[in-house]
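# A closer look at the structure
Listed below are the residues making up each chain.
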Amino acid sequence: LYATQAGGLHALDLRSAKEAWSLRTERRLGLMHCWASDGAAQWLTLGSSTGQCVLFDLRYQLRLSSWCCGSRSRIHSMVPYRAPSAGGSGLPAPQCVLLGSGAGLLTGWELGHAPRCSLVLQPAAVSDAAAEAAAAPASVSLAGAGLRFGLQARGRVACATPAGRARDPFIN
């Protein structure tokens, strides 16, 4: 997997030495420095030099959403993880990704309809104001192709799902 300055993300099949697939991002988002994916390769999240994140559905090669992290600093690392589920709710735990940024913070983001920061790990050297800014609601863009808006079964308003799908692809 490699990213280009022109906003391309390319997967190279090492067995055939040919390109398996490619995805596009806008140049204004910055150079994609790191990425994280689930074990089944259903989704891919990219982190950029300007603090932007982009979420793709790899099954359909659709861009689902993009958001800006509160600190707006370069994202150095990403790790997928599964958050603990709420006890007794019956709902599966959401897919999440941990982001390590240049601000010295580690933030956890729940993926899905509208990514939200659900965890902030703050070193002693980082001010409380910086940690609160990192946990602020992100500006989310749901400008992916093939998305529709409407009510979902869980009562959320303005949710986006790939066209023709009735459930969230990130909750197993």
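Residues numbered from 1 in each chain as written. Predicted model: local features only at pLDDT ≥ 70, side-chain atom pairs only at ≥ 80, totals over all residues. Heavy atoms only, no water.

## A few points about the pattern of salt bridges
Two side chains with opposite charge may pair up if their charged atoms get near one another. Spelled out, the test is: The rule for a salt bridge is simple: a side-chain nitrogen of Lys or Arg has to be within 4 Å of a carboxyl oxygen of Asp or Glu. Under the scheme applied here, a residue whose accessible area is under 20% of the maximum for its type counts as buried, over 50% as exposed, and between as partly exposed, the area being computed with a 1.4 Å probe on protein chains only.
Throughout the structure, instances matching the rule amount to five salt bridges. When the shortest N-O distance is used, the salt bridge between Arg28 and Glu26 registers 3.8 Å. Assessed through its relative accessible area of 62%, Arg28 is described here as exposed. Accessibility expressed as a relative area gives 31% for Glu26, which makes it partly exposed.

## Quick look at the packing of aromatic side chains
To be explicit about the condition: The aromatic pairing rule takes the rings of Phe, Tyr and Trp, using the six-membered ring of Trp, and pairs them if the centres are within 6.5 Å, calling planes under 30 degrees apart stacked, those over 60 edge-to-face and the rest tilted. Only runs of H or I of at least four residues qualify as helices and only runs of E of at least two qualify as strands under DSSP, and these elements are numbered from the N terminus.
Applying the stated criterion across every chain, the model contains one aromatic pair. Between Trp67 and Trp109, the aromatic rings sit 5.8 Å apart at their centres with planes inclined by 40°, giving tilted as the arrangement. Taken together, the residues span a long stretch of sequence, with Trp67 in strand 7 (residues 62-68) and Trp109 in strand 10 (residues 106-110) at a distance of 42 residues. Since its relative accessible area comes to 0%, Trp67 is described here as buried.

## Focus on the environment of Trp35
Among the structural elements, Trp35 can be located in strand 4 (residues 32-37). The spatial distance from the C-alpha of Trp35 to the C-alpha of His76 is 9.5 Å, given a sequence separation of 41 residues.

## Quick look at the sheet that holds strand 2 (residues 8-13)
Inclusion rule: Pairing between strands is defined by DSSP: at least two bridges between the two strands are required.
Strand order in the open sheet formed by three strands is 1-2-3, with antiparallel pairing between adjacent strands. The open sheet has two edge strands, strand 1 (2-3) and strand 3 (18-24), and neither has a second partner. Here strand 1 runs beside strand 2; their pairing, made up of two bridges, is antiparallel. Within strand 2, the residue paired with Ala3 across the bridge is Leu9.

## Considerations on the nonpolar core
Heads up, the condition is: Note on terminology: a nonpolar core comprises buried Ala, Val, Leu, Ile, Met, Phe, Trp, Tyr and Cys residues joined through side-chain atoms within 4.5 Å.
Counting 16 residues, the largest nonpolar core has Met78 and Leu99 as its most contacted members. Listed by contribution, the elements that provide at least two residues to this core are strand 4, strand 6 (52-57), strand 7, strand 8 (75-82) and strand 9 (95-101). Counting residues per element, this core draws most heavily on strand 7, which supplies three residues. One finds Leu23, Leu29, Val54 and Leu58 within the second-largest nonpolar core, a separate group that totals nine residues.

## Digging into the sheet that holds strand 9
Pairing between the strands of a sheet comes from backbone hydrogen bonds, and it takes one of two forms, parallel or antiparallel. Here is the rule: Axis definition: a line fitted to C-alpha atoms, limited for helices to the stretch in contact. Angles are taken between N-to-C directions and run from 0 to 180 degrees.
Read from one edge of the open sheet, four strands run 8-9-10-11, paired in antiparallel fashion. Two strands close off the open sheet at either side, each with one partner strand: strand 8 and strand 11 (116-121). Adjacent strand axes in the sheet meet at a mean angle of 25°, parallel and antiparallel pairs treated alike. Where strand 10 lies against strand 11, five bridges are found, and the strand directions are antiparallel. Each residue of the ladder has a partner; that of Gly108, found in strand 11, is Leu119.

## Some words on the pairing of strand 6
Among the six residues that make up strand 6, six are buried, leaving the element largely enclosed by the rest of the structure. Along strand 6, one buried face is formed by Gln52, Val54 and Phe56 and the opposite face, lined by Cys53, Leu55 and Asp57, is buried too. Where strand 5 (residues 43-48) folds back on strand 6, the antiparallel hairpin that results is connected by three residues, among which Gly51 adopts a positive phi of roughly 85°. When strand 6 meets strand 7, the two strands line up antiparallel, connected through six bridges. Note that in strand 7 the partner of Gln52 across the bridge is Cys68.

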